Amino acid sequence: MRAQLVSLLSALADLVAPARCLGCAAPHPPDQRWCGACALSLAPPSKPPAEVFALYEHLGPVARAIRRAKYDNAPELAHALGRALGAAMPPFAPGPVCLVPVPLHPQRLRERGYNQAAEIARGVAEMHNLTVRHDLLLRVRATRPQAQADRALRQRNLEGAFAAAGSLPRGLLLVVDDVTTTGSTLRLCREALRAAGAERVASAAVSSSTRRSAC
Ligand SMILES: [Zn+2]
């Protein structure tokens, strides 16, 4: 019922304002997420980190979309990317009981006004009728931006950054992020949840990058 309502509202929104390509914002038919030109540049992830489901290689229109979703005050774009990720996600058996976005440090959250990973998780959740739990994983230490850092530095930068909180629900928890490079962030999130007693933890990201400088 809720999914039908969301789809109806989305159809009504398309009547008022045409759908925009996630990569270049060009108008295009409402049943597509990417315009024809951007769709040609999409690629599956070439080397996603272990234990991460990623939808795209972090290149071209996908990289632009994620950059805008993070830095251009565009939470609706992160949400749309989450719906794309949710639509492509493989069935987990049994499926996740809830989604856990990779948290931002509270100071970064205040500066940005939203957590792009939470908006992505909201999009995934809508496609699978799941809930997003913002309270289960905390970023307890601010970390420096990861871009340009090498693998060892990223690792040191992130140690102790995450901690699980509250009473974890039984079943599979799915940790969601925007882009993964070495997989360190998602791995440390999974480890924090497992250390707190999570039964099963998986992780997903919109894109996977083999380059150090992914945003
Ligand atoms: Zn486009």
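Residues numbered from 1 in each chain as written. Predicted model: local features only at pLDDT ≥ 70, side-chain atom pairs only at ≥ 80, totals over all residues. Heavy atoms only, no water.

**A short note on the packing of aromatic side chains**
To describe a pair of aromatic rings, you give the distance between the ring centres and the angle between the ring planes. Taken as a whole, this structure holds 1 aromatic pair when the rule is applied. Note on Trp34 and Tyr56: the rings are 5.6 Å apart at their centroids and 85° apart in plane angle, and the pair reads as edge-to-face. Placement of Trp34 in the loop between helix H1 (2–16) and helix H2 (36–41) and of Tyr56 in strand E1 (residues 52–57) is noted, with a sequence separation of 22 residues between them. Neither Trp34 nor Tyr56 differs from the other in exposure class; each is buried. (Phe/Tyr/Trp six-rings, centres within 6.5 Å; stacked < 30°, edge-to-face > 60°. Helix = DSSP H or I, 4+ residues; strand = E, 2+ residues; numbered from the N terminus. Buried < 20%, exposed > 50% of the residue type's maximum accessible area, 1.4 Å probe, protein only.)

**Focus on the coordination of the zinc ion**
At 2.3 to 2.4 Å from the zinc ion lie its protein donor atoms, namely Cys21 (SG), Cys24 (SG), Cys35 (SG) and Cys38 (SG). One can describe the donor arrangement at the zinc ion as tetrahedral, given that its 4 donor atoms subtend angles of 105 to 114° at the metal. All donors of the zinc ion belong to a single chain; written as a sequence motif, their spacing is C-x2-C-x10-C-x2-C. You can see Cys21 sitting in the loop between H1 and H2 and its partner Cys38 sitting in helix H2, a full 17 residues away along the chain. (Donors = N, O, S within 2.8 Å, 3.2 Å for Na, K, Ca; no water. Tetrahedral: all angles 85-135°; square planar, octahedral: opposite > 155°, others 65-115°.)

**A look at the packing of helix H4 (residues 75–88) against helix H6 (residues 116–128)**
Contact pair H4 / H6: the axes reach a minimum separation of 6 Å and the direction vectors enclose 45°. Overall, the two elements H4 and H6 adopt an arrangement that is oblique. Like other packed secondary-structure pairs, H4 and H6 cross with a definite hand, here right-handed. On the side of H4, the interface is formed by Pro75, Ala78, His79, Gly82, Arg83, Leu85, Gly86 and Ala87, while H6 contributes Gln116, Glu119, Ile120, Arg122, Gly123, Val124, Glu126, Met127 and His128. Looking at the contact of H4 with H6 residue by residue, the classes come out as 7 nonpolar, 6 polar and 4 charged. (Axes fitted to C-alpha atoms, helices over the stretch in contact; angles between N-to-C directions. Parallel < 35°, antiparallel > 145°, perpendicular 65-115°, else oblique. Left-handed = near helix turned anticlockwise from the far one by under 90°. Contact = heavy atoms within 4.5 Å. Nonpolar A, V, L, I, M, F, W, Y, C, P; charged D, E, K, R; others polar.)

**Digging into H6**
In this model H6 runs 19 Å from its N-terminal to its C-terminal C-alpha over 13 residues, within 8% of the 18 Å that 1.5 Å per residue would give. Among the 13 residues of H6, 10 are classified as buried, and the element is accordingly described as predominantly covered. Among the residues of H6, those classed as buried are Gln116, Ala117, Ala118, Glu119, Ile120, Ala121, Gly123, Val124, Ala125 and Glu126. Where H6 starts, the residue carrying a side-chain oxygen 2.9 Å from the main-chain nitrogen of Ala117 turns out to be Asn115. Asn129, located one to two residues past H6, shows a positive phi value of around 55°. (Expected span 1.5 Å × (residues − 1). Polar contact = N/O pair within 3.5 Å; in protein donor to acceptor, adjacent residues only side chain to side chain.)

**Thoughts on the environment of Ser203**
Topologically, Ser203 is positioned in strand E7 (residues 200–208). Its relative accessible area of 2% is what places Ser203 among the buried residues. In this structure, the C-alpha to C-alpha distance between Ser203 and Arg187, residues 16 residues apart in sequence, is 8.3 Å. Look past the residues within four positions of Ser203 in its chain and what remains in contact with it is Glu51, Val52, Phe53, Leu174, Val175, Leu186 and Arg190.

**A word on the nonpolar core**
Within the largest apolar cluster, 31 residues are counted, with the highest numbers of intra-cluster contacts made by Trp34, Leu81, Leu85 and Leu99. Of all the secondary-structure elements, those providing two or more residues to this core are E1, helix H3 (60–71), H4, H6, strand E6 (172–180) and E7. Looking at which element gives the most residues to this core, the answer is H4, with 5 residues. Split by domain, this core shows at least three residues from each of two domains, domain 1 (1–41) and domain 2 (43–208). Ignoring any residue separated from it by four or fewer positions in sequence, one finds Leu85 in contact with Phe53, Leu55, Ile120, Val124, Val176, Ala204, Ala205 and Val206. With 21 residues, the next largest nonpolar core counts Ala161, Cys189, Ala198 and Ala205 among its residues. (Core = buried A, V, L, I, M, F, W, Y, C linked by side-chain atoms within 4.5 Å. Domains from an automatic or database assignment.)

**Describing the pairing of E1**
Among the 6 residues that make up E1, 5 are buried, leaving the element largely enclosed by the rest of the structure. Across 5 bridges, the pairing between E1 and E7 is parallel. By the bridge assignment, Ala54 is partnered in E7 with Ala205. (Pairing = 2+ DSSP bridges.)

**Side note on the sheet that holds E6**
With parallel pairing, the 5 strands of this open sheet are ordered in space as E1-E7-E6-E2-E3. Unpaired on one side and paired on the other, E1 and strand E3 (131–132) mark the two borders of the sheet. Of the strand pairs in this sheet, strand E2 (residues 96–101) and E6 are connected by 5 bridges, and their pairing is parallel. Within E6, the residue paired with Leu99 across the bridge is Leu174. The strands touched by H6 are E2, E3, E6 and E7; relative to E6, the strand with the most contacts, the crossing angle is about 125°.

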